[in-house]
Amino acid sequence: MKMTGQRTHTIDRGVAEGRELRRLLETGPFADALRAAIRARGLGLDRIRYRLRGRGCSVSLATLSHWQSGRCRPERPESLLVLKHLEEVLGVPPESLSRLLGPPRGRAARCTVPGEGIVMQRGRDT
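Conventions used here
Residues numbered from 1 in each chain as written. Predicted model: local features only at pLDDT ≥ 70, side-chain atom pairs only at ≥ 80, totals over all residues. Heavy atoms only, no water. Helix = DSSP H or I, 4+ residues; strand = E, 2+ residues; numbered from the N terminus. Buried < 20%, exposed > 50% of the residue type's maximum accessible area, 1.4 Å probe, protein only. Areas by Shrake-Rupley, 256 points an atom, 1.4 Å probe, with all protein chains shown as cover. pLDDT = per-residue confidence, 0-100. Contact = heavy atoms within 4.5 Å. Salt bridge = Lys/Arg side-chain N within 4 Å of Asp/Glu carboxyl O. Core = buried A, V, L, I, M, F, W, Y, C linked by side-chain atoms within 4.5 Å.

As named in an unreviewed UniProt entry, the protein chain is Transcriptional regulator, taken from Amycolatopsis coloradensis.

Caption draft 1: Structural context of the overall build of the protein chain. Regarding its fold elements, the protein chain presents five helices and two strands. Secondary structure elements of the protein chain occur, N-terminal to C-terminal, as α-α-α-β-α-α-β. The proportion of buried residues among the 126 residues of the protein chain is 36%. For the protein chain, the exposed area adds up to about 8,000 Å²; of that, 51% sits on carbon and sulfur atoms.

Caption draft 2: Structural view of unusual backbone geometry. The residue after Gly28, namely Pro29, is reached through a cis peptide bond having omega 0 degrees. Mapped onto the elements, Pro29 comes out in the loop between helix H1 (5-27) and helix H2 (30-41).

Caption draft 3: The arrangement of the environment of Arg51 in detail. Note on placement: Arg51 falls in helix H3 (residues 45-54). On the basis of relative accessible area, Arg51 is assigned to the partly exposed category, the value being 32%. Distance from Arg51 to Leu86, taken between C-alpha atoms, is 8.8 Å for residues 35 residues apart in sequence.

Caption draft 4: Examining the confidence of the model for the protein chain more closely. Of the residues in the protein chain, 71% reach a pLDDT of 70 or more, and the chain-wide mean stands at 82. Across residues 119-126 the pLDDT falls below 50, and counting only partners more than four positions away or on other chains, this stretch makes 17 contacts in the model.

Caption draft 5: Summary view of the pattern of salt bridges. Considering all chains together, one arrives at four salt bridges under this definition. Salt-bridge contacts for Arg23 lead to Glu20; the nearest nitrogen and oxygen are separated by 2.7 Å. Here the residue Arg23 and the residue Glu20 both occupy positions in helix H1, the gap between them amounting to three residues, near one helical turn. Its relative accessible area of 32% is what places Glu20 among the partly exposed residues. Note that Arg55 is salt-bridged to Glu88, the shortest N-O span being 2.3 Å. With Arg55 in the loop between H3 and strand E1 (57-59) and Glu88 in helix H5 (residues 77-90), this pair connects stretches of sequence that are 33 residues apart. On the accessibility criterion, Glu88 (41% relative accessible area) is partly exposed.

Caption draft 6: View of the nonpolar core. In this structure, Ile48, Leu52, Leu86, Leu90 and Leu97 are the most contacted members of the largest nonpolar core, which totals 27 residues. Contributions of two or more residues to this core are made by H1, H2, H3, E1, helix H4 (61-69) and H5. Ranked by the residues each element gives to this core, the list is headed by H2, at six residues. Setting aside residues up to four positions removed in sequence, Leu90 forms contacts with Leu34, Ala37, Ile38, Arg41, Ile48 and Leu97.

Set out below in structure tokens:
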């Protein structure tokens, strides 16, 4: 069977994206690594949000978008728990994204999206 140029290009691109993701998971920055992991998984933010909700974590699309754009990053305990589940949903090694966060920034640098945010459902084993 003969491979077409298109299929070869697609395979090459997938290999290159995998290498880039591994590099970003080791070196960061967090937002770039998260964006690459999302792209590699092939899920939209709404699907990711749905899968997180199935694990007992509710996070807004705006928050996920802000995390991947670098406008803010997870720092609160609830956000870090969501990040743990997000790593599982994205299929990246445990703590590969969370270790890129570094020390917490000052309160003024935290992400606040009016009317949005993270809600942990009580009474559910996560």
